[in-house]
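Structure assessment
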Amino acid sequence: MRNLIDIRDMTVEEIDRMLDLADRIFEHPEQYRDTANHKTLATLFFEPSTRTRLSFEAAMLELGGRILGFSSAASSSATKGESVADTVAVVSGYCDIIAMRHPKEGAPVVAARHATVPVINAGDGGHNHPTQTLTDLMTIRREKGRLCDMNIGLCGDLQFGRTVHSLIAAMSRSPGIRFSLISPDELCIPDYVREILTERGCDFVEIGSMEEVMPTLDVLYMTRVQKERFFNEADYIRLKDSYILDPAKLSRAKDDLCVMHPLPRVNEISTLVDNDPRACYFKQARYGKYVRMALILTLLELVKEG
Ligand code: NCD
């Protein structure tokens, strides 16, 4: 693997190896302190981000590497009309690896074609977000001890939520997964994601109510309604608070439910849930740095065997 554009660029075995490495780095970060010395990561973020960009930068700095980049399209030559192809062709000369976020679906594919260094998709429009999925898989594996045989509830904006699409693409390859897809009709999964589920013969239900499936879930993945992808503000306002997880709803869940959220949270999870031992979302954000350290080392072919 040279680039990470879609989570399906990685085989299940490659993901397992990367999660093993992320676990080793998590347990012994000091052993990896200088592994990316003199290497430079460019973060090209044409769309806002807190966790993804900062965790990429923190990951590279912790590996002893250097970082450069921009955090909004407004501060790049995109405002002058420069193409993604030209930007990455130029930036390839300044760095060893690129992490790119872009509002247009498919932009990282174009970038990978024109870059001379590895390209990581850090989120493309409402499409994919493979490094969030690696973070999510690390969280599920650490919290549940496995990536198979479980009931996963995905709740909220399943139409535009790119983290949901990538997570389904990854987890649908594991045996014994049942998906409960909880959303208003307007925000149900796109057809191409439904096709992935059908092609793989996955067990899934699409429902409108969270309460109905709550007692059956092992993982509950909450998502924000993606305001920036709506054409119409009135629709966003009508749909934005469709689901709010609070202690009353959680009281019907299993004791070992793992509640996840890629963050940022708006109203989807009451802050009253934050101290519940089942709330894993801040831990999940922390794991993101370690999994990105593992990804950078793998793509730069700097992996030390553990
Ligand atoms: C997500 C994203 O950017 O898609 N955030 C993240 O990377 N952790 C989710 C979101 O913005 O709702």
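Residues numbered from 1 in each chain as written. Predicted model: local features only at pLDDT ≥ 70, side-chain atom pairs only at ≥ 80, totals over all residues. Heavy atoms only, no water.

Further remarks concern the domain arrangement of the chain. Under the domain assignment, the chain is made up of domain 1 (7–128 + 288–299) and domain 2 (130–285). The C-alpha-based centres of domain 1 and domain 2 are spaced at 24 Å. Counting from both sides, the interface comprises 35 residues of domain 1 and, opposite them, 28 residues of domain 2. Counting each side, the surface lost to burial between domain 1 and domain 2 is near 2500 Å², with a carbon and sulfur contribution of 55%. Viewed at the interface, domain 2 and domain 1 are joined by seven salt bridges. Residue Glu 27 is joined to Arg 142 by a salt bridge in which the shortest nitrogen-to-oxygen separation is 3.4 Å. At the surface where domain 1 touches domain 2, the tally comes to 17 residue pairs in polar contact (both at pLDDT 80 or more). When residues of the side of domain 1 that touches domain 2 are traced back to their parent elements, those giving at least two are α1 (12–27), α2 (51–62), β3 (97–102), β4 (119–124) and α11 (281–299). With ten residues, the single largest contributor to the side of domain 1 that touches domain 2 is α1. A class-by-class count of the residues in the side of domain 1 that touches domain 2 yields 14 nonpolar, ten polar and eleven charged. (Domains from an automatic or database assignment. Contact = heavy atoms within 4.5 Å. Buried area = accessible area lost by both parts, 1.4 Å probe. Salt bridge = Lys/Arg side-chain N within 4 Å of Asp/Glu carboxyl O. Polar contact = N/O pair within 3.5 Å; in protein donor to acceptor, adjacent residues only side chain to side chain. Helix = DSSP H or I, 4+ residues; strand = E, 2+ residues; numbered from the N terminus. Nonpolar A, V, L, I, M, F, W, Y, C, P; charged D, E, K, R; others polar.)

Before going further, it helps to examine the nonpolar core. If you look at the biggest cluster of nonpolar residues, it comprises 59 residues, and the most contacted ones within it are Leu 134, Leu 154, Ile 168, Met 171 and Phe 179. By residue number, the principal contributor to this core is α11, which donates nine residues. In this view, Met 171 contacts Leu 137, Ile 140, Leu 147, Ile 152, Ile 177 and Phe 179; residues no more than four positions away in its chain are not counted. Core analysis: the next-biggest nonpolar cluster, separate from the first, contains 20 residues, Val 213, Leu 257, Ile 269 and Ala 279 among them. (Core = buried A, V, L, I, M, F, W, Y, C linked by side-chain atoms within 4.5 Å. Buried < 20%, exposed > 50% of the residue type's maximum accessible area, 1.4 Å probe, protein only.)

Moving on, we get to the site of the ligand. Residues in close proximity to the ligand include Arg 51, Thr 52, Arg 101, His 129, Gln 132, Arg 162, Thr 163, Arg 224, Gln 226, Pro 262, Leu 263 and Pro 264, which together make up its full environment. The backbone of Leu 263 places a nitrogen or oxygen atom 2.9 Å from a nitrogen atom of the ligand. Protein burial of the ligand: of its 310 Å² of free accessible surface, 94% is covered by the chains. The cavity where the ligand resides is the largest pocket. Looking at the shell around the ligand residue by residue, the classes come out as three nonpolar, five polar and four charged. In terms of domain composition, the shell around the ligand takes at least three residues from each of domain 1 (7–128 + 288–299) and domain 2 (130–285). (Near = heavy atom within 4 Å. Areas by Shrake-Rupley, 256 points an atom, 1.4 Å probe, with all protein chains shown as cover. 1 Å grid on protein atoms, 1.4 Å probe; cavity = no way out; pocket = protein on both sides within 12 Å on 5 of 7 lines; lining within 4 Å. Sits in = over half its atoms within 2 Å of the grid points.)

Let's shift gears to the pattern of salt bridges. Should their charged atoms come close, side chains of opposite charge can pair. Applying the stated criterion to the full structure yields 22 salt bridges. Salt-bridge contacts for Lys 144 lead to Asp 256; the nearest nitrogen and oxygen are separated by 3.7 Å. With Lys 144 in helix α5 (residues 130–144) and Asp 256 in the loop between α10 (247–250) and β9 (258–260), this pair connects stretches of sequence that are 112 residues apart. Shared partners join several salt bridges into a network, and the residues in it are Asp 16, Asp 20, Asp 23, Glu 27, Arg 141 and Arg 142.

Another aspect to go through is the environment of Phe 230. Tracing the sequence through the fold places Phe 230 in the loop between β8 (219–222) and α9 (233–239). Distance in space between the C-alpha atoms of Phe 230 and Ala 111 is 25 Å, their sequence separation being 119 residues. Sequence-distant contacts of Phe 230, that is, excluding residues within four places in its chain, are made with Asp 157, Phe 160, Leu 187, Val 225, Asp 235, Tyr 236 and Leu 239.

Okay, the sheet that holds strand β7 (residues 203–207) next. The parallel open sheet is built from five strands, whose spatial order is β7-β6-β5-β8-β9. Among the strands making up the open sheet, the edge pair consists of β7 and β9. For this sheet the average axis-to-axis angle between neighbouring strands, irrespective of direction, equals 15°. Here strand β5 (residues 150–155) pairs with β8 via four bridges, running parallel. The residue bridging Leu 154 from the neighbouring strand is Tyr 221, located in β8. Here α5 sits on the sheet in contact with β5, β8 and β9, set at roughly 165° to β9. Across the sheet, helix α7 (residues 191–199) touches β6 (177–182) and β7, and the angle it forms with β7 is around 145°. (Pairing = 2+ DSSP bridges. Axes fitted to C-alpha atoms, helices over the stretch in contact; angles between N-to-C directions.)

So, on to the packing of helix α6 (residues 162–171) against α7. The geometry of α6 relative to α7 is characterised by a closest axis approach of 10 Å and an angle of 15° between their N-to-C directions. What the angle tells us is that α6 and α7 run roughly parallel. For the pair α6 and α7, the sense of crossing is left-handed. For the pair α6 and α7, the contacting residues are His 165, Ile 168 and Ala 169 in the first and Tyr 192, Val 193, Ile 196 and Leu 197 in the second. (Parallel < 35°, antiparallel > 145°, perpendicular 65-115°, else oblique. Left-handed = near helix turned anticlockwise from the far one by under 90°.)

This brings us to α2. Turn by turn, an α-helix covers 3.6 residues, leaving residues three or four places apart pointing in a common direction. For α2, with twelve residues, the first-to-last C-alpha span of 16 Å sits near the 16 Å given by 1.5 Å per residue. For α2, the set of buried residues is Thr 52, Arg 53, Ser 55, Phe 56, Glu 57, Ala 59 and Met 60. In this structure, the buried side of α2 is in contact with β1 (40–45), β2 (66–70), β3, β4, α5 and α11. Residue Gly 64 follows α2 closely and has a positive phi angle near 85°. (Expected span 1.5 Å × (residues − 1).)

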